[in-house]
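The chain contents come next:
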Amino acid sequence: MATYLGFLRAINLGATRKFPKAAIITAVEAAGFTDVETYINTGNVRFDTPLRSRARIEAALEEAFEAAAGFAVPTIVFTRRELRAIADEAASYDHGGKHYVSLLKDVPTAAAIAAVEAVGTTDEVARVGGRAVHLLLGDNYHEARLTNAVIEKHLGVATNRNLTVIRALAEKWC
């Protein structure tokens, strides 16, 4: 059995996309995964599975989540080692503002990376490393122009977490 970490995209936003932690756990277990644990109510889940294919794991979870929640829930899966590497890379950036990480479903092409990094400014910078985009922003995330929506436009399906959550998950689950 291997341990994986799943990141659910666009849940618990507004009145129609509610998917509580208990329901997430039940859905993951219904998909056949074990030793399931969630962290805060933003769609972070740890589980064990004998499956080794990330694509198969994501597909199984997305099917279970849609059945349980009643809406599509794009899901991005990482190994513990991959998440630890993302947290370690984040530590290499000496950034005084807000630091968010967009977690990508797929590895981006070099051209896509160049395009998203070119969108940045001196105040808002994107640094891509594998399937993670470090968004180094000013003090107000809600005023930023370099958002997860921009990341998705250039790099495909992504979900966003602040660096505090990434570090907490790396500490707790890696």
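Residues numbered from 1 in each chain as written. Predicted model: local features only at pLDDT ≥ 70, side-chain atom pairs only at ≥ 80, totals over all residues. Heavy atoms only, no water.

Participant: For this particular structure, what's the right way to read the packing of aromatic side chains?
Facilitator: Aromatic ring pairs: the centre-centre distance and the angle between the two ring planes describe each pair. All chains considered together, the criterion is met by 6 aromatic pairs. Summarising the aromatic geometry, the rings of F7 and F78 are spaced 6.0 Å apart at their centres and angled 75° between planes, so their arrangement reads as edge-to-face. Of this pair, F7 sits in strand β1 (residues 2–8) while F78 sits in strand β4 (residues 75–79), and the two are 71 residues apart along the sequence. Overall, the relative accessible area of 2% leaves F78 in the buried class. When the ring of Y100 is compared with that of Y141, the centres are 3.9 Å apart and the planes differ by 25°; the resulting orientation is stacked. Taken as a pair, Y100 in strand β5 (residues 99–104) and Y141 in the loop between β7 (132–136) and α5 (148–155) lie far apart in primary sequence, 41 residues in all. Of the two residues, Y100 and Y141, neither departs from the other in class, the shared state being buried. One residue, R131, lies across the ring of F78, its end atom 4.0 Å from the ring centre. (Phe/Tyr/Trp six-rings, centres within 6.5 Å; stacked < 30°, edge-to-face > 60°. Helix = DSSP H or I, 4+ residues; strand = E, 2+ residues; numbered from the N terminus. Buried < 20%, exposed > 50% of the residue type's maximum accessible area, 1.4 Å probe, protein only. Lys NZ or Arg CZ within 6 Å of the ring centre and 35° of its normal.)

Participant: In this structure, what is going on with the layout of surface pockets? I would like to understand it.
Facilitator: Picture a little ball the size of a water molecule; that probe, rolled over the atoms, points out where space is still empty. Counted as a void, the largest pocket has a volume near 340 Å³. Taken together, 14 residues form the lining of the largest pocket, with A10, L13, T159, N160 and R161 sitting closest to its centre. The biggest single contributor to the lining of the largest pocket is strand β8 (residues 158–162), with 5 residues. Per-class residue counts for the lining of the largest pocket are 7 nonpolar, 5 polar and 2 charged. (1 Å grid on protein atoms, 1.4 Å probe; cavity = no way out; pocket = protein on both sides within 12 Å on 5 of 7 lines; lining within 4 Å. Points joined across faces, edges and corners; volume = space filled by probe spheres on them. Nonpolar A, V, L, I, M, F, W, Y, C, P; charged D, E, K, R; others polar.)

Participant: What should I look at first to understand the sheet that holds strand β2 (residues 34–39) in this one?
Facilitator: Pairing between the strands of a sheet comes from backbone hydrogen bonds, and it takes one of two forms, parallel or antiparallel. Pairing is antiparallel across the open sheet formed by 4 strands, whose spatial order is β2-β3-β1-β4. If you trace the sheet from one side to the other, it starts and ends with β2 and β4, each paired once. When strand polarity is set aside, the average angle formed by the axes of neighbouring strands in this sheet is 25°. Pairing of β1 with strand β3 (residues 44–49), which is carried by 6 bridges, proceeds in the antiparallel orientation. Directly across from A2, in β3, lies its bridge partner T49. Across the sheet, helix α6 (residues 163–173) lies against β1, β2 and β3, angled at about 150° from β2, the strand it touches most. (Pairing = 2+ DSSP bridges. Axes fitted to C-alpha atoms, helices over the stretch in contact; angles between N-to-C directions. Contact = heavy atoms within 4.5 Å.)

Participant: It is not clear to me how helix α3 (residues 80–91) should be interpreted in this structure. Could you clarify?
Facilitator: One turn of the α-helix equals 3.6 residues, which is why residues spaced by three or four share an orientation. Spanning 12 residues, α3 covers 17 Å between terminal C-alpha atoms, matching the ideal 16 Å at 1.5 Å per step. Among all positions of α3, only L83, I86, A87 and A90 are buried. Looking down the long axis of α3, one finds its buried residues gathered within 95° of arc, a one-sided arrangement. Away from its buried face by more than 90 degrees, α3 exposes R81 and A91. Packed against the buried residues of α3 are β1, β4, β5, β7 and α6. (Expected span 1.5 Å × (residues − 1). Arc of directions from axis to C-beta.)

Participant: For this particular structure, what's the right way to read the pairing of β4?
Facilitator: Remark: a regular strand shows side chains that alternate across the two faces of the sheet. Most of β4 is tucked away, with 4 of its 5 residues classed as buried. Sheet topology note: the β1/β4 ladder contains 5 bridges and is antiparallel. Note on β4: the bridge partner recorded for L5 is F78.

Participant: Looking at this model, I keep getting lost on the sheet that holds β5. Mind explaining?
Facilitator: Spatial strand order, β6-β7-β5-β8: 4 strands in an open sheet with antiparallel pairing. With partners counted over all chains shown, the strands left at the sheet margins are β6 (125–129) and β8, one partner each. With strand direction ignored, the average angle separating the axes of adjacent strands in the sheet is 25°. Note that β6 and β7 share 5 bridges and pair antiparallel. Across the sheet, V125 pairs through a bridge with L136, a residue of β7. Here α5 sits on the sheet in contact with β5, β6, β7 and β8, set at roughly 145° to β8.

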